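# Descriptive analysis of the structure
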Amino acid sequence: MNVATLVLALLHAQITGEPVSPYPDATKFARGIYSEAEVGAVMFVGEARTPMGTGAAVGARVGYDLFRWAAVQVHTFGSSHVTHFPRMPQSGQLLQLYQGTVELKLTARFGQIAAAAMGGAGMARLSTNLLGTAGLTDPDVRNLPVLLGGLTVDYHTLSRHFSFGLGGNFAKYQRLFTTGAVAVTAFARYTF
Amino acid sequence: MRAILLMTVVILGCGTNTPNYFPPDNGPLEVGAMGQPREATAVVTLPFRVPTDGERQDLMSEAQGLGFAAPWLRRRNIAISIQYSITNLDKDRGTAQVLVDGANEFTSYDARAIRAAMLMAGANNNDVVVLSLIQGVPVSVEPGQTVSGVVREDDIAEAELDLDAIGRWMATPAAVLINASEVNAVGLERVPAEVVIPALFRVSVTFTSNKHMRLDFLVRVRDKKDQLLLSDGDTFAPMAAAYAPRP
C-alpha cells in the first residue's frame, strides 16, 4: 500500500464516521426515584432574625420524577440555632427547628445544567418552647405549619446517576411571629 | 442512601432530651425602686403529670423494698437549671443576689418563711441566719448594665440532695447547705446509701438588691422520663410538709 492509498483510506474514514456529539444526551440520565442530601444554612428574616440568627442545616429529599420536567418529593430538613435575646435569659440557648414538607418540583434542563423551581407545604417543629417565653410564638407552641418555595440549580456529572447543585428557599412559618426564613444549601443527588 | 440515613439519625438525635422553659407567672422581679421592697420572690411550680396506676404500684413496691418512700420525681430523671439576667435600672452601681429555695414531694423549704417564724418565736434578728438551698454570689452591676448567669443543673442537684437530707433524714441545714456533698459529706450521715433523691417540683427564686434592679429568669427542665405535663391532664400536686427547724 503506498502513501496515497493510506491517505485516501483515512479521509474516507473521516468522512463516513459518525461524529460524536459534544453535548450530553439528557435522555440517558437516570430518571425516576431519586434521593438528595443537603447541607447549608438557615437565616431567619424579620422579628426572629436577631434572636434566632443563622443556623447550620441538614436535609434530605426523596422524590419521584413524574416527567422529565416535573417531580414530587418529600423533604425533611433540620437546622440548629443559638438564640440571642439581648438582656434576656433566653439568650445563649440551643434551639432546633425540624420540618417535613411535600413538594412539587418543576425542572428545565439545559444539557448538564438543570434549573428547578419547587414549592410545598408541611409541618415544622421547634425543639423547645423557648420562643413562646420570648413572645415569638404563643406560649408552648411547638408545631408550626409551613409553606415554602425555592429554586435550585443542578449540575449533572454525566455518570448517569449523580448530580450536584445549589438551592435556596424561603419558608413561611405559621404561628411564628416573623417574616420567614431563608435556607441556602448545597446538595448531592442520586437518581436510582 | 447512607447519607440520608445518617442525616436522619443526626436530626432525630438532636431532638432527644430537649429542655422546656418555665417563666414566672407574674413576669420579672423588680426591686429597689422608690417605695418598693429590696427583696422579692417568685415561685415556679413545674407541671408534672400524676403517675399512672401502674407507676403508682411500682413506686409502692419499690418503697416496700427500700423501707422508705420512693419519690415519683427523681433527681436522676429531671435536670433543672435557672437562666437569669439582672438589669440595673438605677443611676448608681448596685449589688444583687439570687437565692433559690424549693420543694420536693416530701419537703418544702423556704428560708424567708423560716426566718420569719424564728423572729415571731422571739429570736433576736441579729442571731437569725437562715441559708437558702442555693445562695448565689452577690454581683455588682453598673447602671444600665445587664449581667446574665445560670444556676447550673449540678447546683440544683446538690440542693435536691440537701433538701432531702434536711427534710427526711434530719440533717442540720447549715451543715449540708454550706458543704458540697462530694467534697464534705458532713450532715449526710443519716441518709441511706440506697436513697432515691427526689427532684424539685417547685422552685422559689428570691432576688435582693440594694438598688433598683430587675431579674428576668427562666426555669429550664430536661425531663428524661416524659414526666412533664405538656398537654391537658391532672398536675402532680403533692402536699410537701414545710420544713421548720427543731426548737
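Residues numbered from 1 in each chain as written. Chains lettered and ligands numbered in written order. Predicted model: local features only at pLDDT ≥ 70, side-chain atom pairs only at ≥ 80, totals over all residues.

## Structural notes on the overall build of chain B
Stated precisely, the cut-off is as follows: Helix numbering and strand numbering both begin at the N terminus, where a helix is a DSSP run of H or I of at least 4 residues and a strand a DSSP run of E of at least 2. This entry defines residue contacts through backbone-placed C-beta atoms, with two residues in contact when those atoms are within 7 Å.
From N to C terminus, chain B includes five helices and 12 strands. Along the first, second and third principal axes, the C-alpha set of chain B runs to 60 × 55 × 40 Å. Taking contacts inside chain B between residues at least 6 apart in sequence as the whole, the part at least 24 apart equals 79%.

## Considering the overall build of chain A
For clarity, the cut-off: Taken over C-alpha atoms, the radius of gyration is set against a globule rule of 2.2 Å times the number of residues to the power 0.38. Put simply, a residue is buried when 20 or more other C-beta atoms lie within 10 Å of its own C-beta and exposed when 12 or fewer do; between those, it is partly exposed, and each C-beta is set from the backbone.
Secondary structure summary: chain A contains three helices and eight strands in total. In chain A, the succession of α and β elements from N to C terminus is α-β-α-β-β-β-β-α-β-β-β. Over its C-alpha trace chain A gives a radius of gyration of 24 Å, far above what one expects of a compact globule, namely 16 Å for 192 residues. When the backbone C-alpha atoms are referred to their principal axes, chain A occupies close to 95 × 30 × 20 Å. Taken across its 192 residues, chain A has 33% of its residues classed as buried.

## Side note on the pairing of strand 7 (residues 162–173) of chain A
All names here are of chain A. Which entries qualify depends on this criterion: Here, strands pair whenever DSSP counts at least two bridges between them.
Residues Ser-163, Gly-165, Gly-167, Asn-169, Ala-171 and Tyr-173 of strand 7 are buried on one face, while the alternating residues Phe-162, Phe-164, Leu-166, Gly-168, Phe-170 and Lys-172, pointing to the opposite face, are not. In the sheet, strand 6 (residues 143–156) pairs with strand 7 via 11 bridges, with the strands oriented antiparallel. Along strand 7, the bridge assignment pairs Leu-148 with Ala-171. The antiparallel pairing of strand 6 with strand 7 creates a hairpin that spans five residues between the two strands, and Leu-158 there sits at a positive phi of about 70°. Pairing of strand 7 with strand 8 (residues 180–191) involves 10 bridges; the strand directions are antiparallel. When the sheet's bridge partners are listed, Ala-171 is paired in strand 8 with Ala-181. Joining the antiparallel neighbours strand 7 and strand 8 is a turn of six residues, in which Arg-175 adopts a positive phi near 70°.

## Considering unusual backbone geometry
Residues and elements named next belong to chain A. A positive phi is found at Asp-140, a non-glycine position, where the angle reads about 65°. Relative to the helices and strands, Asp-140 resides in the loop between helix 3 (130–133) and strand 6. For Asp-140, a count of 12 C-beta atoms within 10 Å gives the class exposed.

## Things to note about the environment of Ala-103 of chain B
Residue and element names in this part refer to chain B. Structurally, Ala-103 can be placed in strand 5 (residues 94–103). What makes Ala-103 buried here is the crowd of 25 C-beta atoms within 10 Å. Sequence separation between Ala-103 and Met-213 is 110 residues; the distance between their C-alpha atoms is 27 Å.

## Topic: the pairing of strand 11 (residues 213–223) of chain B
Residue and element names in this part refer to chain B. Within strand 11, 10 of the 11 residues are buried, which leaves the element mostly enclosed by the surrounding structure. Pairing analysis gives three bridges linking strand 2 (residues 29–31) to strand 11, with the strands arranged antiparallel. What sits directly across from Leu-29, in strand 11, is Leu-215.

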